[in-house]
Amino acid sequence: MARRLADGLWQFDLGLFRPLASNVFLVDGAEVSGGDDAVTLVDTGLPINLPTVRGELDDAGFVVADIDRVLLTHYDLDHVGGLARLAGLDADVYMGAADVDLVRGHWHPEWTHHKGAFHRLARMLYSMDDYDLHAVEDGDTIGGFTAFHTPGHNPGHTVYHHEGFDAAFLGDLVWEEDGELTIPIWLDSYDMAEIRESVRSFADRAPPFERGLMCHGNPVLEGADALMRALADRLVPA
Ligand SMILES: [Zn+2]
């Protein structure tokens, strides 16, 4: 069931069950000042979701053709897979440059790396060749969003901050569990030390944000930047 978090900001509750449940966010830029009027989908869920992205769009009063832009936090099937279910999509699709290189085969992770090996198989099955991907770099602005390169979970993992919505779209930089922020698990990540560094650098560099909108767990709707700061201090003591 689509959940309205604020005017122009929706959470779609997709996926099958934890940990395969994932949040997707719909942002209607026309509802806030700053940026542009584009309708943006942040991540897309798995290739198969219950409920479906289309069902959730419908719930929120949108159709696929309304989507102007898709921001992907990283190349993992629970974030990019739902694109395949959005027939009729005519949107600009953005993803961190290193993950574009990964899926395009411009960079080859080691077969001996647990997640790298998985990605070498995943990109054969889910190539994203149908999409003209825009490669996002740290500091890029896309409408009202500012990109923060936050590698570790994936080499190109990217967080998108939106000042107008007082929100950070965190992808898998962090997960939420029982009201606390945690970092993803080793099995599902490239480099745990790099994740810790990314949490710290994002906490240091990001403008304030009340809303911390991660893909796994319950979005934090107040004081998310303070929780991020506290997590950074726990992970990388000064
Ligand atoms: Zn994920």
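Here, every reference points to the structure presented above.
Conventions used here
Residues numbered from 1 in each chain as written. Predicted model: local features only at pLDDT ≥ 70, side-chain atom pairs only at ≥ 80, totals over all residues. Core = buried A, V, L, I, M, F, W, Y, C linked by C-beta atoms within 7 Å. Buried ≥ 20, exposed ≤ 12 C-beta atoms within 10 Å, placed from the backbone. Helix = DSSP H or I, 4+ residues; strand = E, 2+ residues; numbered from the N terminus. Contact = placed C-beta atoms within 7 Å. Pairing = 2+ DSSP bridges. Axes fitted to C-alpha atoms, helices over the stretch in contact; angles between N-to-C directions.

Q: Would you mind showing me how to read the nonpolar core here?
A: Soluble globular proteins tend to bury their nonpolar side chains together. Counting 59 residues, the largest nonpolar core has Val 70 and Phe 169 as the members making the most contacts within it. Sorting elements by how many residues they give to this core places helix H3 (residues 97-104) first, with 5 residues. For Val 70, the contacting residues outside a window of four places in its chain are Leu 41, Thr 44, Leu 83, Ala 91, Val 93 and Tyr 94.

Q: Would you explain H3 in this entry?
A: One full turn of an α-helix is made of 3.6 residues, so residues set three or four places apart face in the same direction. Extensive coverage of H3 is indicated by the burial of 6 of its 8 residues. Among the residues of H3, those classed as buried are Ala 97, Ala 98, Asp 99, Val 100, Leu 102 and Val 103. In the core, the buried residues of H3 are packed alongside strand S6 (92-96), helix H4 (114-125) and strand S7 (133-136). Backbone geometry just downstream of H3 places Gly 105 in the positive-phi region, at approximately 80°.

Q: How should I be thinking about the environment of Glu 176 in this particular structure?
A: Inspection of the secondary structure puts Glu 176 in strand S12 (residues 175-177). Residue class for Glu 176 comes out buried when judged on the 21 C-beta atoms lying within 10 Å of it. The spacing of Glu 176 and Leu 83 is 93 residues in sequence and 24 Å in space, taken between C-alpha atoms.

Q: Teacher, can you tell me more about the sheet that holds strand S14 (residues 211-214) here?
A: Paired through backbone hydrogen bonds, the strands of a sheet run either parallel or antiparallel to each other. Across the sheet, which stays open at both edges, the 5 strands sit in the order S8-S9-S10-S11-S14 with mixed pairing between neighbours. A single partner strand is all that each edge strand has here, and the edge strands are strand S8 (141-142) and S14. In the sheet, strand S11 (residues 167-171) pairs with S14 via 4 bridges, with the strands oriented parallel. The partner of Ala 168 across the bridge, within S14, is Gly 212.

Q: Mind showing me how you'd approach the pairing of strand S1 (residues 3-6) here?
A: Put simply, side chains in a regular strand alternate between the two faces of the sheet. Both S1 and strand S2 (residues 9-15) contribute to a ladder of 3 bridges, which runs antiparallel. Each residue of the ladder has a partner; that of Arg 3, found in S2, is Gln 11. Between S1 and S2, which follow one another and run antiparallel, lie 2 residues, and Gly 8 among them has a positive phi close to 80°.

Q: Is there a simple way to think about the sheet that holds strand S4 (residues 39-42) in this case?
A: Read from one edge of the open sheet, 7 strands run S1-S2-S3-S4-S5-S6-S7, paired in mixed fashion. Two strands bound the open sheet, and with one partner strand each, they are S1 and S7. Pairwise comparison of adjacent strand axes, ignoring direction, gives a mean angle of 25° for this sheet. The strands that helix H1 (residues 53-60) touches are S2 and strand S3 (21-28); relative to S2, the one it contacts most, it runs at about 150°. Each of S6 and S7 touches H3; the most contacted strand, S6, lies at about 100° to it.

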